[in-house]
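This is what each chain is made of:
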Amino acid sequence: MKRKFAMAILLAAVACLMTARGNAQTKGVDTEGHAWWQHAVFYEIYPRSFADSNNDGVGDLKGITAKLDYLKELGVNAIWITPCFPSPQVDFGYDVSDYEAIDPMYGTMEDFDRLVAEGKKRDIRVILDFVVNHTSDQHKWFIDSKSSKTSAHRDWYIWRDGKRPGQPPNNWLSTFGTAAWTFDAKTGQYYYHYFYPQQPDLNWRNPAVEKAMLDVTRFWYKRGVAGFRLDAVDTLYEDPNLTDNPVLPGTDKFGRPNMDEIHNKKLPEVHDAMKKLRTVADEYGSVLIGETWTSNVDQLKDYYGAKNDELQMPMDLMMTGFKGLSADEYRKHIAAVNAAGHWPVYVITNHDIVRSNTRYADGVHNDDIAKMMAALYLTLRGSAIMYYGEEIGMENNDPKSKDDVQDPIGKLGWPLEKGRDGERTPMQWNHETNAGFSVAKPWLPVPASAITHNVASEMKDPDSVLSFYRKLLGLRHTEAALLEGDYVSTNEDNPNVLTYLRRYKGEAVLVILNMSAVEQKVPFELSAAGLREPKLEVLLTSFHKQVKGAFAVMPMEPYSVFIAKITK
Ligand code: NOJ
């Protein structure tokens, strides 16, 4: 039988309980059997935009190394660097022309080795981004493939005759707004590309391709890389018969018919490739993170592998598609993810998605919303992947006109599709020129809001988004219940407030998130805690007014956070 009780608590001097705590050291496996990556906080770095050490307007590896102390203090355990390999930069690095080198724009292999070594000193691991689906059209494999129908690498890519003269082999479309097939006049065939024409898809059905790609991972593991984020895994395989995709009603942002991409996405063979990549990763004790776009939890579950033999960390990108802030929607989703029985990987934004601080900002409570979202994804059971700048409340800075756009999809799809420049602008380090990113004109513009939202200023302000993140990450690394505890949802019928406990042994951490713009009175309904006569210690709030007194219900300010520890 459920036992309900209301608890009166005295809130006082919340701030004094919120002293910064040391970060847990990254370990092998803990007493609960959790590996280092299960408790780690991952931080995604878009290297073009993080820190520019040589002042050419584009970030670089030395810039990242110089900021490791900042990341360490923030509470980051691993950095995922988006592609920094040689590339013509058509897709800003996701068009790789050499998988085993560093693009001179970002530095040298020596700079990379130093970054790994300096990271190691600080217990910060380095994760690289492996573009498995395609190479650049400037990669030597493709240059050879294109040279003749009988070249050694011809079958490393997907070449086909047209259906009829002047007609592509089938109706598949590139997700980047063009046809998926480009005709090569020299050899009289079409090659397939799910992304830009300069990103030809590799033919993973060719064992030589598979071997070459597995060898690439070995090359980097030997250099000390702790794992990979695997790019675009959904599209690794295509139906060899090239069956047309069913056409759906309506058009996409580029004005083309919508398609049900059943013949060129999420083919079962993808899982064989994941298993092979995992076997190599296991040889080096490394972790695989997947760019796994799924429409439901069952699909996400598949990426862990039936025997847990695929990706350790398939990203749950589903929350990035939530249109508003609905406690019900989050509650249902989190329950489904937990019920699936795997270790979740929460992501709220990245370099392809409008920043969460922009998606949910209401112009009045922007910083409160940023703190509330932080408390959500950083107190749930699972691993968390931050995106650079979220911790200072960075918002999108979208191009104002088509002429300003850098991202090709923005040029093609303007104005419906503005491209991804807005979420990739330079990290805001201080309120000086170009937000301290570079003394040269940065490749993307810094927004006016950098005056207030930057590391240096926020570091000094105890109420800033950054100060909140630092305290929150401190708790995440030290509270056993946040590290190991199960997830128990409470106050389930409240549509505005998400409340849950992270319960571990004799204690629990209570998290209350007001997802609405008005104050909510939240009763302390803690029956799920199963604790008799609990005592409550406030760990962190985002309240503007200090709340003092005894409460049976918690008055939650708009978009506020309340985190407390409950002990016997
Ligand atoms: C997903 C990456 O995150 C995105 O930035 C890129 O454009 C595509 N994959 C193609 O590699």
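Draft legend 1. Broad picture of the confidence of the model for the protein. Per-residue confidence for the protein gives a mean pLDDT of 93; residues scoring 70 or more make up 93%. Low pLDDT, under 50, characterises residues 1–27; the stretch is placed with 62 contacts to residues that sit more than four places away or in other chains.

Draft legend 2. Summary view of the pairing of strand β4 (residues 125–131). Buried residues dominate β4, accounting for six of its seven residues. Looking at chain direction, strand β3 (residues 78–81) and β4 are connected through four bridges and run parallel. Bridge pairing in β4 places Ile79 opposite Val126. Traced from β3 through helix α4 (residues 109–121) to β4, the parallel crossover comes out right-handed. The sheet contact formed by β4 and strand β8 (residues 227–231) spans five bridges and is parallel. What sits directly across from Val131, in β8, is Asp231.

Draft legend 3. Highlighting the pattern of salt bridges. In this structure the tally under the stated criterion is 28 salt bridges. Between Asp215 and Arg218 there is a salt bridge, and its shortest N-O distance comes to 2.7 Å. A residue pair is termed a helical-turn pair when its members lie 3 or 4 positions apart in one helix, as Asp215 and Arg218 do in helix α6 (residues 207–222) at three residues. The class for Asp215 is partly exposed, based on a relative accessible area of 26%. Exposure remark for Arg218: the relative accessible area of 24% places this residue in the partly exposed category. The salt bridge partner of Asp252 is Arg256, with a shortest N-O separation of 2.8 Å. Relative accessible area serves as the criterion here: at 22%, Asp252 is assigned to the partly exposed category.

Draft legend 4. Expanded view of the site of the ligand. In the vicinity of the ligand, the contacting residues are Asp91, Tyr94, His134, Phe176, Phe195, Arg229, Asp231, Glu291, His351, Asp352, Arg420 and Arg424. Between the ligand and the protein, one listed contact pairs an oxygen atom with a side-chain N or O atom of His351 at 2.7 Å. Separating an oxygen atom of the ligand from a side-chain N or O atom of Arg420 is a distance of 2.9 Å. Across the complex, the protein chains shield 97% of the 300 Å² of accessible surface that the ligand would expose by itself. When atom positions are compared with the pocket grids, the ligand is found to occupy the largest pocket.

Draft legend 5. Spatial organisation of the sheet that holds β8. Taken together, eight strands build an open sheet; the order of strands is β12-β11-β8-β4-β3-β2-β14-β13 and the sheet is parallel. Edge positions in the sheet fall to β12 (313–314) and β13 (345–347), since each has one partner strand and no second. Relative to strand β11 (residues 287–290), β8 runs parallel, the two sharing four bridges. Looking at the pairing, Leu230 lines up with Gly290 of β11.

Draft legend 6. How the structure looks around the packing of aromatic side chains. Taken as a whole and judged by the stated rule, the model has 31 aromatic pairs. Look at Phe176 and Phe195: their rings are 5.2 Å apart centre to centre, the planes differ by 65°, and that puts the pair in the edge-to-face class. Here the residue Phe176 occupies a position in the loop between β5 (159–160) and β6 (181–184), and Phe195 occupies one in the loop between β7 (189–192) and α6, the gap between them amounting to 19 residues. Phe176 gets classed as buried once you look at its relative accessible area, which sits at 7%.

Draft legend 7. Expanded view of the nonpolar core. Ranked by size, the top nonpolar core spans 141 residues in total, and within it Tyr43, Ile79 and Tyr330 carry the most contacts. In this structure, Val497, Ala508, Leu536 and Phe543 belong to the second largest nonpolar core, which totals 18 residues.

Cut-offs used in this document
- Residues numbered from 1 in each chain as written.
- Predicted model: local features only at pLDDT ≥ 70, side-chain atom pairs only at ≥ 80, totals over all residues.
- Heavy atoms only, no water.
- pLDDT = per-residue confidence, 0-100.
- Contact = heavy atoms within 4.5 Å.
- Buried < 20%, exposed > 50% of the residue type's maximum accessible area, 1.4 Å probe, protein only.
- Helix = DSSP H or I, 4+ residues; strand = E, 2+ residues; numbered from the N terminus.
- Pairing = 2+ DSSP bridges.
- Right-handed = clockwise from strand over helix to strand, strands pointing away.
- Salt bridge = Lys/Arg side-chain N within 4 Å of Asp/Glu carboxyl O.
- Near = heavy atom within 4 Å.
- Polar contact = N/O pair within 3.5 Å; in protein donor to acceptor, adjacent residues only side chain to side chain.
- Areas by Shrake-Rupley, 256 points an atom, 1.4 Å probe, with all protein chains shown as cover.
- 1 Å grid on protein atoms, 1.4 Å probe; cavity = no way out; pocket = protein on both sides within 12 Å on 5 of 7 lines; lining within 4 Å.
- Sits in = over half its atoms within 2 Å of the grid points.
- Phe/Tyr/Trp six-rings, centres within 6.5 Å; stacked < 30°, edge-to-face > 60°.
- Core = buried A, V, L, I, M, F, W, Y, C linked by side-chain atoms within 4.5 Å.

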